[in-house]
Amino acid sequence: MNNKMKKELDKNKKRKKCIITGVTGQDGSFLSELLLEKGYEVHGVIRRSSTDFRERIAHLENRDDFHLHYGDMTDSLSLVHIIGMVGPDEIYNLAAQSHVQVSFDEPEFTADVDAMGVLRILEAVRLTGVDKTCRIYQASTSELYGRVEEVPQSETTPFHPYSPYAVAKQYGFWIAKEYREAYDMYVCNGILFNHESERRGESFVTRKITLSACRIAQGKQDKLFLGNLSSFRDWGYAKDYVECMWLMLQQETPDDYVIATGEQHTVREFATLAFHFVGIELEFKGEGVDEKGYDKDTGKILIEVSEEFYRPTDVVNLLGDPSNAKENLGWNPRNTSFEQLVKLMVEHDMESIAVEKEKEHIRTNVVEHLERTR
Ligand code: NAP
Ligand code: GDD
């Protein structure tokens, strides 16, 4: 064996292995990139779906240190099989039915994935005998504070979940803590406040706003319909937040941490800034369902409220206190400011909508040409 081969073998022996559930999601894709950069062998769990194109991780799929396995949070056997086969040093459990409004429509599925799914992972770790060596990150959420009992919220604030999603995540939080205490396992809950990015799902409010603002600015959409404009969120940048997931698993003892910016803004403020970055100044008039967002220059109505987007119970006052993470993880809560976050999302979407527009233009020209020459 020559020196180069020996070095390669040593590197592979030392290479840490991790499993990421929810690898196709916003956080899963950023976390994969971070862990690959750190030299990990990354194993992602994917669901069988009718489309094989996984946009957020497509650029990673040809690497030999990135592997995908079919599995599902509702299928214990698949989880036991993957964990047994990989023998991971770390598991990041990010998979979830993560949309709060959808959890009112699909409460049973949400509970199965977001609550029982956590139990399945923890038991799979025990059954495969890696419970003393494998560290586990559980994706908990600021939604646990729900109908908030204090502002700002920290690790000591009582939970008051306020949606089927939050109730399911509450089980996930406590079962993770229970396994830490009962079986001396290294399990951490990251209580993450909202984090957004250019990869955010299109039905979450921030991405819905940036995409619509860009379409309106480029003449592809007339109006944007939203729900509660007065809801407060503590919004950070997802790429900054995945680093905390990794940091939590590198500490001497496992614990639970709030990750937030310590700054809150309303949906209305987010929209105003996003439209500002596409060159439209908004002003809001009216109240409740009658509130409207006008283009200050033209007087045109660009935003209206629709009750369709109201939730049976809504969480309206999230503001995190990240002091603990700052002190003990060295977390800098303001890596990316609110303004920078909105701007980077808008810049990304301006470009993607322009490409969409260009493609449509070419398609229309081709169709017109075919019709003329038929
Ligand atoms: P996301 O973009 O919606 O991604 C969710 C991931 O879960 C997707 O990869 C999805 O796979 C997967 N998934 C859903 N059901 C599954 C099942 N039955 N089996 C296996 N995989 C399944 O969510 P995210 O924003 O990245 O959030 C990651 C995690 O953090 C979630 O647990 C979320 O609840 C939690 N969280 C998010 C935030 C936030 O602001 N983003 C804040 C606090 C906590 P498909 O691609 O196949 O659908
Ligand atoms: N989605 C959506 N669509 N929300 C709207 C709309 C709209 O048209 N109009 C107003 N909102 C309000 C919602 O009522 C809510 O108060 C707020 O905007 C944020 O909604 P979402 O962006 O859907 O996020 P979320 O806060 O409910 O949930 C996200 O953050 C949680 C962390 O606090 C998700 O990522 C969860 O998975 C995560 O746990």
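Residues numbered from 1 in each chain as written. Chains lettered and ligands numbered in written order. Predicted model: local features only at pLDDT ≥ 70, side-chain atom pairs only at ≥ 80, totals over all residues. Heavy atoms only, no water.

Participant: Any chance you could explain the overall build of the protein chain here in plain terms?
Facilitator: Within the protein chain, the secondary structure is distributed over 11 helices and 15 strands. Relative to a compact globule of 374 residues, whose C-alpha radius of gyration would be 21 Å, the protein chain shows 22 Å and is just as compact. For the protein chain, the spread of C-alpha atoms along the principal axes amounts to about 70 × 60 × 40 Å. Expressed as a percentage of its 374 residues, the buried residues of the protein chain come to 50%. When the 46 positive and 63 negative side-chain charges of the protein chain are each reduced to one mean point, those points stand 6 Å apart. (Helix = DSSP H or I, 4+ residues; strand = E, 2+ residues; numbered from the N terminus. Rg over C-alpha atoms; globule rule 2.2 N^0.38 Å. Buried < 20%, exposed > 50% of the residue type's maximum accessible area, 1.4 Å probe, protein only. Lys, Arg positive; Asp, Glu negative; His and termini not counted. Charge placed at Lys NZ, Arg CZ, Asp CG, Glu CD.)

Participant: Explanation requested: the site of ligand 2 in the structure shown.
Facilitator: Taken together, the neighbourhood of ligand 2 is formed by 24 residues, with S98, T141, S142, Y165 and R311 sitting nearest. G227 is positioned such that a nitrogen or oxygen atom in its backbone is 2.8 Å from a nitrogen atom of ligand 2. Taking 720 Å² as the accessible area of ligand 2 by itself, protein coverage stands at 96%. Here the shell around ligand 2 is composed, by residue class, of nine nonpolar, nine polar and six charged. (Near = heavy atom within 4 Å. Polar contact = N/O pair within 3.5 Å; in protein donor to acceptor, adjacent residues only side chain to side chain. Areas by Shrake-Rupley, 256 points an atom, 1.4 Å probe, with all protein chains shown as cover. Nonpolar A, V, L, I, M, F, W, Y, C, P; charged D, E, K, R; others polar.)

Participant: I tried to follow the site of ligand 1 on my own but got confused; where do I start?
Facilitator: T24, R47, S98, Y165 and K169 are the nearest of the 23 residues found near ligand 1. Between R47 and ligand 1, the recorded distance is 2.7 Å, taken from a side-chain N or O atom to an oxygen atom. Side-chain polar atom of K169 to an oxygen atom of ligand 1: 2.8 Å apart, as the coordinates give it. Contact with the protein chains removes 86% of the 910 Å² of surface that ligand 1 exposes when unbound. At three residues, the largest contribution of residues to the shell around ligand 1 is made by strand β5 (residues 135-141).

Participant: What's the story with the sheet that holds β5 in this structure? I'm lost.
Facilitator: Whenever strands of a sheet pair, they do so through backbone hydrogen bonds, lying parallel or antiparallel. Pairing is parallel in the open sheet, where seven strands are placed in the order β3-β2-β1-β4-β5-β6-β11. Across the chains shown, the open sheet's two edge strands, defined by having one partner strand only, are β3 (66-70) and β11 (257-259). On average, each strand axis in the sheet is inclined to that of its neighbour by 20°, with strand direction left out of account. Bridge count between strand β2 (residues 41-46) and β3: five bridges; the pairing is parallel. In the sheet register, G44 faces β3, and the bridge partner there is L68. (Pairing = 2+ DSSP bridges. Axes fitted to C-alpha atoms, helices over the stretch in contact; angles between N-to-C directions.)

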